[in-house]
Structure formats: C-alpha cells, structure tokens
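Per-entry structural report
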Number of protein chains: 2
Amino acid sequence: MGVKTENGFQITRDQAIPGPDAMLATLTKAGYSNTRARRSVLEALFDANGQASPAELLALGRAHHPALGIVTVYRTLEVLSELGLVRKLHQDDGCHTYAPVQHHHGHYVICERCHRTIEFEGCDIAAVVASVESQTGFQVREHWLEMFGLCPDCRLEHPGAV
Amino acid sequence: MGVKTENGFQITRDQAIPGPDAMLATLTKAGYSNTRARRSVLEALFDANGQASPAELLALGRAHHPALGIVTVYRTLEVLSELGLVRKLHQDDGCHTYAPVQHHHGHYVICERCHRTIEFEGCDIAAVVASVESQTGFQVREHWLEMFGLCPDCRLEHPGAV
DNA sequence: TTAGAAATTGATAGTCATTTTCAGTTTTTT
DNA sequence: AAAAAACTGAAAATGACTATCAATTTCTAA
C-alpha cells in the first residue's frame, strides 16, 4: 500500500497500479468479451508513454495483434472510459489522447517536450471553487485541470529550457 | 471608444471591460488593417453569450457584414489569440469556442445548460502546483482550468437539476 | 466439445471542424 | 490617385472521429 508522505500525498509506486490484466478483468466482469483486439489495445495503453492518441495505440497494438483496426481502438477506448479505466486528455488542437486511470480523482501533468504524462492526485481546489461560486453565482459541478511543463528527464537534458 | 454619456464623461466600466472598439485599437496598433470583416467578428464576439464557436460567430458577424466568410472568422480569431484578446475554450468533443479576455489570468466557468460563460480570476492553485511538482518531479509551466456547472438563471429555472 | 446465439470486428464510406490555396478585392502607403 | 501590401472568401483538401454492415470471433448451453 502507498506510503503517506509529509504533504499527505500517496506515493503509489508499490501500490497495485492496475495493468492490462486488471483492466481486462474489470472489462469481463462488466460483461464485455475478452477479445484479442481488446487485449492488444490494453497492452498498447501500457506500452505507451503514459498516454497515447488512438493512432499511436493502433500502431502499438498491432505489435500484439496485427489485424487490429482503428475503429476498434476508438470503441475500446469508449468502453474503457465508461468503466473509468481510462481518461481522455485534451490537446490544444482539439485532438485527444488517452491515459490509464490510477487515481480516482486524478489529473495529469504533460511534458511539453516528450509528452510523457503522469497522473497526480490531491487536487484541492475547493477554495478556488468556492470563490468562483461567490464571484459568478454559478454552481460548479465539475472541473477540468491539466498541467504542462517539463518532466524530470527533459529538465536534465535541457536545463533552463522552456 | 467607450460610451460617451450626455455630460461627456466616459463610463468607467468601458475601461475595465474592453469591448470591440478597444480590441480594434489593439489590433491596429499591432499593425493589422482595420477591415470590415474584422470589425464584424469583433462585434459578433460581444453579441455572443460570453463565448461562441466559429460557426456561431459567422452567423452573428453576418448581421454586421453579410459577406463575411468562415475562413476569415478563423483567421481573425487566430490573430486575436496571439494578441491575447481572446481565449480558446475546449469542449469535450474537441471543438472550440472563443471568449473575449477580460482578466489576464482568467479562467472560465461554463453553464452546462445554456452555455453562458463567465471569466473568473483569482485562480490560486500555487499550492496544488507545488505539490504536483514534488509528487511528479515535473516543472510545471502552465495550466488549463475550466469549470462546469449551472449559471444563476439556470439554477432558478431548474432548481435541483444536474 | 459443439452448435447456435450474441457480441465483436474491421473495411469502407461518411461527417464535420479546421486548414490550405489562390485569384480577386480592400486597405494602406506614397 | 496609383502602386504596394494586406486581406478576403470560395472551393478544395485534410484529418480526426463516427456510422454501417457483412464477416468473424467469442460465449453459452447442452
């Protein structure tokens, strides 16, 4: 299980980070068939750099199942999204990328250089939400947060960049 | 530029909240031509409900300049974005909407029912950023935050909804 | 294990937001 | 007012994503 650190966040390295098998189990438990195509998409998802576009997942998935088609990639991602196993990330150009879900209330940091993506938890913006509600009169139901910057590797390779 | 009142004073609100005229001034100061097409897009932007899609801006803009074309809407929005006069909002389906910028570090709340959009400021997530940096090792450079909920009017019309 | 039913698949052909191209027009400069 | 520069919009192209449908795979039940 995760270790509580001083700032209260869990370090999850040794925790059960669900892999393709765990996701497949969830999938079949929900009544979906265990198919070669779906398995290849799941594996592709974990072969990727924390997140990948449908086209990238197609390429990665074909290493496991050459007949895989793009339509099935989209359909599998839709099912995984419904089951909360995957989250859709938005890119500036409006295209999407998909990342495996590890934390229920996770958000993502994306490296602007190599696109490595890591989920983080502990997004506490309750105070911000409260001030927005009083500022605007809106009743806020959900929020969308993505962060961009440099991952540790890219910071080393390009010190002072960005 | 600004609304002249009967006694000749400017309404101070016009200074705080830039309208089409102020944006046009910025545009020409930056070296862009003052064209009928651009003026119609600027007016459309303020005729809208806080935010609008390119197609909606085309329709609104044609009220001021019937020959306006969609390509010019896109191009004008691109220029306005570069100048920081407009911000691109992302929708779940990957399409975009544009909102006039009022606050330099503003973010937006969007009504899920009527799509009214209001900018808010005072997003203080420095603490969240700091914890993300220590959790992930990333160096965060920017973030994206959008909130969704019900605007005051829709709360009244549909109490208890959503 | 097997046959039939049910679910899934992928090729093909859309759809739709956004971009590119280009010749003609408007705006700016002189 | 004329020439140069900037801008415009129609039409065509691009590319992500979705709908269709006949063929295949997986599941279920005996």
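Residues numbered from 1 in each chain as written. Chains lettered and ligands numbered in written order. Predicted model: local features only at pLDDT ≥ 70, side-chain atom pairs only at ≥ 80, totals over all residues.

Overview of the overall build of chain A
Which entries qualify depends on this criterion: Here a strand is any run of E in DSSP of at least two residues, a helix any run of H or I of at least four, and the numbering for each starts at the N terminus. Buried, partly exposed and exposed are defined by the number of other C-beta atoms within 10 Å of a residue's own C-beta, namely 20 or more, between the two limits, and 12 or fewer respectively, with C-beta atoms placed from the backbone. A pair of residues counts as a contact when their C-beta atoms, built from backbone coordinates, are separated by no more than 7 Å.
When its secondary structure is counted, chain A shows six helices and seven strands. Listing each helix as α and each strand as β along chain A from the N terminus yields β-β-α-α-α-α-β-β-β-β-α-β-α. Looking at chain A as a whole, 28% of its 162 residues qualify as buried. Across chain A, the fraction of contacts at a sequence separation of at least 24, relative to all contacts at a separation of at least 6, is 42%.

Side note on the interface of chain A and chain B
Note the cut-off: The pairing criterion is simple: DSSP has to find at least two bridges between the two strands.
With 38 residues of chain A at the interface, the matching set in chain B holds 37 residues. Secondary-structure elements contributing two or more residues to the side of chain A that touches chain B are β5 (107-111), β6 (117-120), α5 (126-136), β7 (139-150) and α6 (152-157) of chain A. No other element matches the 12 residues that β7 of chain A contributes to the side of chain A that touches chain B. When β7 of chain A meets strand β5 (residues 139-150) of chain B, the two strands line up antiparallel, connected through 11 bridges.

Here we look at the environment of V73 of chain A
Residues and elements named next belong to chain A. Tracing the chain through its elements places V73 in helix α4 (residues 70-82). A C-alpha to C-alpha distance of 7.9 Å links V73 and R38, two positions 35 residues apart in sequence. When near neighbours in sequence (up to four residues on either side) are disregarded, V73 contacts V41, P54, L57, L58, G61 and L68.

A closer look at the domain arrangement of chain A
All names here are of chain A. The following threshold applies: What marks off one domain from the next here is an automatic or database domain assignment.
On domain assignment, one finds that chain A holds domain 1 (18-101) and domain 2 (103-162). Domain 1 and domain 2 are separated by 23 Å when their C-alpha centres are compared. Listed as interface residues are seven residues of domain 1 and, on the opposing side, eight residues of domain 2.

With respect to the packing of helix α3 (residues 54-62) of chain A against α4 of chain A
Residues and elements named next belong to chain A. Rule in force here: Each axis is a line fitted through C-alpha atoms, taken for helices only over the stretch in contact, and angles between the N-to-C directions span 0 to 180 degrees. Under this scheme an angle from 65 to 115 degrees is roughly perpendicular, one under 35 degrees roughly parallel, and one over 145 degrees roughly antiparallel; angles in between are oblique. Here a crossing is called left-handed whenever its near helix is offset anticlockwise from the far helix by less than a right angle, and right-handed whenever the offset is clockwise. Each residue is assigned to one class: nonpolar for Ala, Val, Leu, Ile, Met, Phe, Trp, Tyr, Cys and Pro, charged for Asp, Glu, Lys and Arg, and polar for all the others, Gly among them.
Running from N to C, α3 and α4 point in directions that differ by 110°, and their axes come no closer than 9 Å. It follows from the interaxial angle that α3 and α4 lie roughly perpendicular. As α3 runs across α4, the sense of the crossing is right-handed. Facing α3, whose interface residues are P54, L57, L58 and G61, α4 presents I70, V73, Y74 and L77. Residue classes in the contact of α3 with α4 are distributed as seven nonpolar, one polar and no charged.

Focus on helix α5 (residues 70-82) of chain B
Residue and element names in this part refer to chain B. Here is the rule we go by: Here, expected helix span is obtained from the residue count minus one, scaled by 1.5 Å. It is the directions from the helix axis to the C-beta atoms whose arc is reported.
The terminal C-alpha atoms of α5, which comprises 13 residues, lie 19 Å apart, in line with the 18 Å expected from a rise of 1.5 Å per residue. The set of residues buried in α5 consists of V73, T76 and L80. The arc enclosing the buried residues of α5, seen along the axis, measures out at 70°, which places them on a common side. Exposed and oriented more than 90 degrees from the buried face of α5 are V71, E78 and E82. As for α5, its buried residues are in contact with α3 (36-47), α4 (54-62) and β1 (86-90). Just downstream of α5, G84 is the residue with a positive phi angle, here 75°.

With respect to the relation of the copies chain A and chain B
We apply this condition: We place the copies in one frame by least squares, fitting the C-alpha atoms of every residue whose pLDDT is at least 70 in both.
The transform that puts chain A on chain B rotates by 179° and translates by 0.0 Å along the axis, for an RMSD of 0.2 Å. What the rotation and shift describe, once combined, is the action of a two-fold rotation axis. When the interface residues of chain A are mapped onto chain B, 95% of them are again interface residues, pointing to one common binding face.

Things to note about the sheet that holds strand β3 (residues 107-111) of chain B
One open sheet accounts for six strands, arranged β6(A)-β5(A)-β7(A)-β5(B)-β3(B)-β4(B); its pairing is mixed. Each of the sheet's edge strands pairs with one partner strand only, and the pair in question is β6 of chain A together with β4 (117-120) of chain B. With strand direction ignored, the average angle separating the axes of adjacent strands in the sheet is 25°. Across four bridges, β5 of chain A lies against β6 of chain A in antiparallel orientation. Residue pairing for β6 of chain A: Y108 of chain A is matched across the bridge by E119 of chain A.

Some points on the nonpolar core
Across soluble globular proteins, nonpolar side chains have a tendency to be buried as a group. We apply this condition: To define a nonpolar core, we join buried Ala, Val, Leu, Ile, Met, Phe, Trp, Tyr and Cys residues through C-beta atoms within 7 Å and take the resulting set.
L45, L57 and V109 of chain A together with L45, L57 and V109 of chain B are the most contacted members of the largest nonpolar core, which totals 66 residues. Residues contacting L45 of chain A, with those up to four places away along its chain left out, are A52, L57, V86, Y98 and P100 of chain A.

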